[in-house]
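Residue-level listing of the chains:
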Amino acid sequence: MSSLSSFLSRMTVAKILLLTITPLLLQQQQIVYVVNGHVRIECPPPLSGNTDEKVGPCDVLEDDFSSTPAFELIPNSLNTITWLESISHPGAPTRFALSSDVIENNDNSRMILDSNIVGNSFESCILLDHVPHDAYSQPNYRNESSWHRSSITLWIPDIKCERCYLQLISVMSDVQHGVPSNTKCIYEGTAKVQTATPSTYPICPAVYHSCSPVTINGTIPRNSLETCHTMNFNDDELQWPLTPKLNADLYEPSVYYNRGDVGIYSYDGAHTLTQIGTPLTNDQCTSPNYCDPQTSFVKLMDVPQNAPYTTMIGECSIVATEMIVEPYKPGGILPSTPKQIPMIAPKTVTTTTTTSNISIGDDDDRDHIKKSFGDSLSSGSHHLTTIWAVDAFSALSVFVFLPTVFFFFC
Ligand SMILES: [Cu+2]
């Protein structure tokens, strides 16, 4: 009798353990899979491989000045840069800015990046705003080699900077990320410094951040500049069209219209902007994941062939034109595996799986994944791999974990 009750109590302990530990392990697996989306700089090398940093101003909280060497940008010159998208959202714009110099007047061997000293400094040197999102972007976020590359060429003014940060922000501007149709929102970092005349726009709820340390050997110390007078060199050196001059309503600095920045980039070597579109409307497309350009793209303008902002120049242009996309390597290592020649034919939209039937409640990445579990196999192809991976893990739990527990307790 006593051996029976001891057997039953051991069974109970085993059951409780199974019931509590297995879901925890499964949840762990989900967390492992959701750290990726949405955007990071590729070249110059960023501080981390994170593409999911919403708080900002950078992808990590602290920089020790040594883990990622500062990449040299050329002052008074065009400098091509590239970035990668791990999860795509139609019409989501990108902005590039340059921080203060964190080495000058800094005795410490590290810098907390979300301090006002660094965080606010980006707002005084916005290099390029309203960079359109590539309508053809359809990355598989679990496969870093499939992440979608885009390139653009920035004008770097005559600045001296031992270690500044080139910051990318990517603004989620659709209704699923809290920006209702026909409305605009402002980047929180900008709103924070506009204390004299506060903006009336709501804060953009979901913005992703990535920072690359850069060094610039020009003549004017970055920390002596109140502003970089972006508008001047946008007009002259870069001839960037997407400024308030073209449309004061649509291209207001750091203010973003619902899915307002749509583009088409080339699929030959360089991934450069070739066409700029008008904002997406609900008549054209309502998917938060992919809008087929063949049915939803309305051209606003062609990019001129010799546009300075698509000129390939500098070390990052070699990455863009000659190297395949590779998983992040720490320490400032750039992708170095040459692309196959001849180039892979341009991707056609018809061969890809639609993701339009995924409904996303809010921005959180975990929601993407959780919904995709619930959505079964009808969701986009990149979610399928996740489902299979977790299924394999639950099978492992059942066939390995369960007998192990029974072996020890029964
Ligand atoms: Cu998202």
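All of the points below concern the structure found in this document. The structure displayed is predicted, hence computed values, not measured ones.

1. Here we look at the sheet that holds strand E4 (residues 77-85)
Then, in step 1: Strand order in the open sheet made by the three strands is E1-E4-E9, with antiparallel pairing throughout. The open sheet has two edge strands with one neighbour each: strand E1 (39-43) and strand E9 (148-156). Strand-to-strand, the axes of this sheet are offset by a mean angle of 35 degrees, without reference to chain direction.
Then, in step 2: Sheet topology note: the E4/E9 ladder contains nine bridges and is antiparallel.

2. Comments concerning the pairing of strand E5 (residues 94-98)
Then, in step 1: Among the five residues in E5, five count as buried, and that is most of the element.
Then, in step 2: Burial along E5 is two-sided: Thr-94, Phe-96 and Leu-98 facing one way and Arg-95 and Ala-97 facing the other are all buried.
Then, in step 3: When E5 meets strand E7 (residues 126-131), the two strands line up antiparallel, connected through three bridges. Across the sheet, the residue bridging to Ala-97 is Ile-126, located in E7.

3. Side note on the nonpolar core
One recurring pattern in soluble globular proteins is that nonpolar side chains are buried together.
Then, in step 1: If you look at the biggest cluster of nonpolar residues, it comprises 66 residues, and the most contacted ones within it are Leu-127, Leu-154, Val-171, Cys-204 and Val-207.
Then, in step 2: Top element by residues in this core is strand E10 (residues 159-171). It accounts for eight residues.
Then, in step 3: Residues within four places of Leu-127 in sequence aside, it is in contact with Phe-96, Ala-97, Leu-98, Leu-154 and Thr-230.
Then, in step 4: Ala-135, Cys-285, Tyr-290 and Phe-297 belong to the second largest nonpolar core, which has eight residues in total.

4. Focus on the sheet that holds strand E15 (residues 262-265)
One key point about sheets: their strands pair by backbone hydrogen bonds, in either a parallel or an antiparallel sense.
Then, in step 1: Spatially, four strands are ordered E8-E15-E16-E17 in an open sheet, and the strand pairing comes out mixed. Each of the sheet's edge strands pairs with one partner strand only, and the pair in question is strand E8 (133-134) and strand E17 (299-302).
Then, in step 2: Strand direction decides the pairing type here: strand E16 (residues 273-277) and E17, joined by three bridges, are antiparallel. Its bridge partner lying in E17, Ile-276 is registered against Met-301.

5. Some points on helix H4 (residues 230-238)
Then, in step 1: Buried within H4 are the following residues: Thr-230, Asn-234 and Leu-238. In a view along the axis of H4, the buried residues occupy a sector of 40 degrees, so they form one face of it. Of the residues in H4, the exposed ones pointing more than 90 degrees away from the buried face are Asn-232 and Asp-236.
Then, in step 2: Tucked into the core, H4 has its buried residues touching E7 and E9.
Then, in step 3: In the segment just after H4, Gln-239 is the residue with positive phi, at about 55 degrees.

6. Remarks on unusual backbone geometry
Then, in step 1: In this model, Cys-43 is joined to Pro-44 through a cis peptide bond whose omega is 5 degrees.
Then, in step 2: Residue Gly-56 is joined to Pro-57 through a cis peptide bond whose omega torsion reads 5 degrees.
Then, in step 3: Mapped onto the elements of the fold, Pro-57 is located in the loop between E1 and strand E2 (62-63).
Then, in step 4: Despite not being glycine, His-130 shows a phi value in the positive range, around 60 degrees.
Then, in step 5: As for its position among the elements, His-130 is in strand E7.
Then, in step 6: The backbone phi angle of His-271 is positive, close to 55 degrees, even though this residue is not glycine.
Then, in step 7: If you trace the backbone, His-271 turns up in the loop between E15 and E16.

What counts and what doesn't
Residues numbered from 1 in each chain as written. Predicted model: local features only at pLDDT ≥ 70, side-chain atom pairs only at ≥ 80, totals over all residues. Pairing = 2+ DSSP bridges. Helix = DSSP H or I, 4+ residues; strand = E, 2+ residues; numbered from the N terminus. Axes fitted to C-alpha atoms, helices over the stretch in contact; angles between N-to-C directions. Buried ≥ 20, exposed ≤ 12 C-beta atoms within 10 Å, placed from the backbone. Core = buried A, V, L, I, M, F, W, Y, C linked by C-beta atoms within 7 Å. Contact = placed C-beta atoms within 7 Å. Arc of directions from axis to C-beta.

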